[in-house]
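# Close look at the chain arrangement
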Amino acid sequence: AGGCFQDLHLLMDGNIVQRGESITSRGLAAGRASVVRHQGGTSQEKVTDRSSGWGVWLVLCPPLHLSSRLLEVMVAGYPVLLVRNRMEFSALGSKCPHYGAPMSKGVLRGERLRCPWHGACFNIRTGDIEEYPTLDCISCFKVTSSSLVGVAALVCAETLRQEGFTGRIIMATNEKHVPYDKSKLSKVCVRQGQDCAWAPGATLRARDNGESKATSVDFQKQRVRFMDGSSQKYQQLLIATGSHSGFLKVPGADLQNICTLQIPEDSSKILKLATGKNVVIVGASFIGMEVAAFLSDKAGTISVVEREEFPFQHALGPQVGGVAMKMLQNKGVKFHMKTELHELKGKDGKVSHAFVIPELLILGEKSPSWDITQCLHQAFLSHHMQTNIPNVFAAGDVVTFPVALLDGDRSSIHHQQVAEAHGHCAALNMLQRGKELHTVPYFWTTMLGKSIRYAGCGKGYTDTVVKGSLEQQKFLIFYIRDGHVTAAASLNCDPMVSLIAEVLYLGKQISKEEAE
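Parameters and conventions
- Residues numbered from 1 in each chain as written.
- Predicted model: local features only at pLDDT ≥ 70, side-chain atom pairs only at ≥ 80, totals over all residues.
- Heavy atoms only, no water.
- Salt bridge = Lys/Arg side-chain N within 4 Å of Asp/Glu carboxyl O.
- Helix = DSSP H or I, 4+ residues; strand = E, 2+ residues; numbered from the N terminus.
- Buried < 20%, exposed > 50% of the residue type's maximum accessible area, 1.4 Å probe, protein only.
- Pairing = 2+ DSSP bridges.
- Core = buried A, V, L, I, M, F, W, Y, C linked by side-chain atoms within 4.5 Å.
- Axes fitted to C-alpha atoms, helices over the stretch in contact; angles between N-to-C directions.
- Contact = heavy atoms within 4.5 Å.
- Polar contact = N/O pair within 3.5 Å; in protein donor to acceptor, adjacent residues only side chain to side chain.

## Quick word on the pattern of salt bridges
Where charged atoms from two side chains of opposite charge come close, those side chains can pair. Summed over all chains, the structure comprises 10 salt bridges. One salt bridge connects glutamate 130 with arginine 112, and the closest N-O pair in it is separated by 3.3 Å. Here glutamate 130 is found in strand β12 (residues 129-131), whereas its partner arginine 112 is found in strand β10 (residues 112-114), with 18 residues between them in sequence. Glutamate 130 gets classed as partly exposed once you look at its relative accessible area, which sits at 32%. For lysine 187, the salt bridge goes to glutamate 290, with nearest N and O atoms at 3.1 Å. Of this pair, lysine 187 sits in helix α2 (residues 184-187) while glutamate 290 sits in helix α4 (residues 286-295), placing them 103 residues apart in sequence. The class of lysine 187 is buried, set by a relative accessible area of 16%. With relative accessibility at 2%, the residue glutamate 290 sits in the buried group.

## Notes on the pairing of strand β18 (residues 278-282)
Across the 5 residues of β18, 4 count as buried, placing the element largely inside the fold. Where β18 lies against strand β19 (residues 301-305), 5 bridges are found, and the strand directions are parallel. Within the sheet, the bridge partner assigned to isoleucine 281 lies in β19 and is valine 304.

## Considering the nonpolar core
A general tendency of soluble globular proteins is for nonpolar side chains to be buried together. With 57 residues, the main nonpolar core has Leu238, Phe401 and Phe478 as its most contacted residues. Counting residues in each nonpolar core, the second largest holds 43 residues, with Leu185, Ala292, Ala299 and Phe335 among its members.

## Some details on the sheet that holds β12
The sheet built from 4 strands is open, its strands ordered β9-β10-β11-β12 with antiparallel pairing. Two strands in the sheet have a free side with no partner beyond their single neighbour: β9 (107-109) and β12. Pairwise comparison of adjacent strand axes, ignoring direction, gives a mean angle of 30° for this sheet. Across the face of the sheet, helix α8 (residues 496-505) comes into contact with β9, β10, β11 (121-123) and β12 while running at roughly 140° to β10.

## Structural notes on the sheet that holds strand β14 (residues 223-226)
Here we have 3 strands laid out as an open sheet, ordered β13-β14-β15, and antiparallel in their pairing. Looking at the sheet topology across the chains shown, the edges are occupied by β13 (214-218) and β15 (231-233). Across the sheet, the mean angle separating the axes of adjacent strands is 20° when strand polarity is ignored. Where β14 meets β15, 3 bridges bridge the pair, whose relative direction is antiparallel. Considered in β15, the bridge of valine 224 is made with glutamine 232.

## Considerations on the side chain of serine 90
As for its position among the elements, serine 90 is in strand β8 (residues 88-93). Look at serine 90 and you get buried, because its relative accessible area is 5%. Of note is the side chain of serine 90, whose polar atom sits 3.3 Å from the backbone oxygen of isoleucine 124.

## Topic: unusual backbone geometry
Here the residue pair tyrosine 132 and proline 133 is connected by a cis peptide bond, since its omega of 15° sits within 30 degrees of zero. For proline 133, the position within the fold is in the loop between β12 and α1 (151-162). Look at the link from aspartate 494 to proline 495: it is a cis peptide, with omega at 5°. With respect to the element layout, proline 495 can be found in the loop between β32 (484-491) and α8. Phi is positive for glutamine 222, close to 55°, though the residue is something other than glycine. Tracing the backbone shows glutamine 222 in the loop between β13 and β14. Overall, glutamine 222 belongs to the buried group, its relative accessible area being 18%. Although it is not a glycine, lysine 338 sits at a positive phi angle of roughly 50°.

Here's what the structure looks like:
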């Protein structure tokens, strides 16, 4: 840690245990708490098991003048992250509860710690979530925190409960799975719903009423109608229906062995059918590229067909897209860029020697999961995630919302972290908290064990500044609009994107000259 925690000692029952020596204990995993003391320039933190009263003293000796303020240590076999904020210390879980990122490499500002991988933020005093994506608080030695299939709806429901709402919460969905992490469907091709189910922080009691697809809303009577003819009265309504995959509109699109990727069963089917076979993937944005990467050592051959010149062209630009394309080309994936699929031919009713995976953005847009445009026709969505229809809120992929980084201009951002922030904001405003949406979009794509991270909103950028080397796949790229940074992306440069996300979150500007 660059000398920040020099001469760290662990004291147990008054005995100093030097770095590297082991401590046996009954564990710190349950019912833990801590007290911070300062004595004569030496900081002491006692981590205590509430049930037994057993504890250890963490003694952090000066000097403490260096910039590093995060240190991971082993206490009684349990990994603990020690955090210094000025002259106060906290002890947290060492891994981000989202995907297990090492928080010792995170970005700390004040009492806010940001994950180096995906940008989730936590309060170092309480462990509470301050920014998504994550559904669970980080373990904290001071506070023990406990925590439609769309993640926006799930976070809305959890936030309502966390804020003390005790009334009835009903989730209506036409999926059979409890809420799950859809981002894993393309990254690892999961086999079952439980393989990507959200962490146990989300406790749901499911009741299967058969077909639960909502077909219309009577806003005057405040009643949702379902396909089976039933209806449900509501006091507050959140519309978070997400989006579904596009479909091929070419001759032969009705042949067998054409797969769309929407639910865990689709992911499992693709993996089974593609193994050892020739695969054609239509679309080179996030879903298509991640599936191509995952299947690169499993399929016989892979060909990617894309209308643009580079993968990720609209989201990440040609420079990052070119790097991603080279990564997959080195694994034998063939790209047919600036090309459109015109026809599919088959034999015995099946596509011959190939499978087609339509990209979510195959036609440049996503389609709502039901005709939400009829319900929200000309509806205005505010910074509170509330429509101009009384008692109706909306969140997630289905909405176009005001984006602070675009000076309030409206945009639709189809990413998990944004949907979670929407759900949280909507829940607070259902409870009349007057909460405005305040978030920095943060997303990532993972291919071949490497993650490209992105924070901000680069829509309409006119210039870029590249630090590092695109050729060596170690870079940080700034997206510039009106002379200032509005977004950043990186590969193998953690935690820079999280650091920039924090700067943007604080409303500060980074000029092009500063980026250079």
